[in-house]
Amino acid sequence: QVKLVESGGGLVQPGGSLRLSCAAPGFTFSTFAMRWYRQAPGKQRELVADINSGGNTNYADSVKDRFTISRDNAKNTVYLQMNSLKHEDTAVYSCNAYRTWPTREYWGQGTQVTVSS
C-alpha cells in the first residue's frame, strides 16, 4: 500500500512561515500530479495548491502570492512553503497524489497547522 506522509506542521504566529513536506515513497512519483488540501474545523476540504507532472502550478485565491508548491522528483517529495500566514490558514493540511491514467489516487494522514498569536 502506498502511503503519503506529511510533516512540518505546527504552531506559528500570524505573519510567520512554515514549510510542509510530503514524502511519497513506493510509486512512480514523477507521473503523478501532487496536491495540497486543507480542512478547517466545520468546513469542507479545500484544494490549496497543485503541481502536475510537468511542473505547472495552481493555487487557491486565498493563498496566491503567499504559498508555493514545489516538488523534488529525485526525493519523491512535494513541499508547500507557506509565508505570511494568517489565522484563517489554520487547518489540517493533507497531501494528495493523483494520476489520470491509469487512474490512481493516494492520501496522507495530514499535518496540523495552527496560526495563532
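Residues numbered from 1 in each chain as written. Predicted model: local features only at pLDDT ≥ 70, side-chain atom pairs only at ≥ 80, totals over all residues. Heavy atoms only, no water.

(A) Fine view of the state of the cysteines. All told, the structure shown has one disulfide when counted by the stated rule. The residue that forms a disulfide with Cys-22 is Cys-95, at a sulfur-sulfur distance of 2.1 Å. Every disulfide takes its handedness from the sign of the S-S torsion; for Cys-22 and Cys-95 that torsion is -85°, giving left-handed. Pair noted here: Cys-22 is in strand E3 (residues 18-23) and Cys-95 is in strand E9 (residues 91-100), with a separation of 73 residues, a long-range link. On the basis of relative accessibility, which here comes to 0%, the residue Cys-22 falls in the buried class. (Disulfide = S-S within 2.5 Å. Helix = DSSP H or I, 4+ residues; strand = E, 2+ residues; numbered from the N terminus. Buried < 20%, exposed > 50% of the residue type's maximum accessible area, 1.4 Å probe, protein only.)

(B) Broad picture of the pairing of strand E5 (residues 46-51). Two elements, strand E4 (residues 33-39) and E5, share five bridges in a ladder whose sense is antiparallel. In the sheet register, Met-34 faces E5, and the bridge partner there is Ile-51. Connecting E4 to the antiparallel partner E5 that follows it, the hairpin turn spans six residues, and Gly-42 within it adopts a positive phi of roughly 75°. Counting the residues that bridge the hairpin from E5 to strand E6 (residues 57-59) gives five residues, and of these Gly-55 lies at a positive phi of roughly 90°. (Pairing = 2+ DSSP bridges.)

(C) Highlighting the sheet that holds strand E1 (residues 5-7). Strand order in the open sheet formed by four strands is E1-E3-E8-E7, and the pairing between neighbours is antiparallel. Sheet topology places E1 and strand E7 (67-72) at the edges, where each strand pairs with a single neighbour. Each neighbouring strand pair of the sheet contributes to a mean axis angle of 15°, computed without reference to strand direction. Two elements, E3 and strand E8 (residues 77-82), share six bridges in a ladder whose sense is antiparallel. By the bridge assignment, Ala-23 is partnered in E8 with Thr-77. (Axes fitted to C-alpha atoms, helices over the stretch in contact; angles between N-to-C directions.)

(D) A look at the side chain of Asn-76. The topology assignment puts Asn-76 in the loop between E7 and E8. Given the relative accessible area of 18%, Asn-76 is considered buried. A polar contact is formed between the side chain of Asn-76 and the backbone oxygen of Phe-27, at a distance of 3.5 Å. When neighbours within four sequence positions are excluded, Asn-76 is seen to be in contact with Cys-22, Ala-23, Ala-24, Pro-25, Gly-26, Phe-27 and Phe-29. (Polar contact = N/O pair within 3.5 Å; in protein donor to acceptor, adjacent residues only side chain to side chain. Contact = heavy atoms within 4.5 Å.)

(E) Representation of the pairing of E9 within the structure. Within E9, seven of the ten residues are buried, which leaves it mostly tucked inside the rest of the structure. In this structure, E4 lies alongside E9, joined through seven bridges in antiparallel fashion. Each residue of the ladder has a partner; that of Gln-39, found in E9, is Val-92. Relative to strand E11 (residues 111-115), E9 runs antiparallel, the two being bridged by three bridges. By the bridge assignment, Ala-91 is partnered in E11 with Val-113. Inspection of the sheet shows E9 paired to strand E10 (residues 103-107) by five bridges, in the antiparallel sense. Within the sheet, the bridge partner assigned to Tyr-98 lies in E10 and is Glu-105. With antiparallel pairing between neighbouring strands as the criterion, E9 and E10 make up a hairpin whose turn holds two residues.

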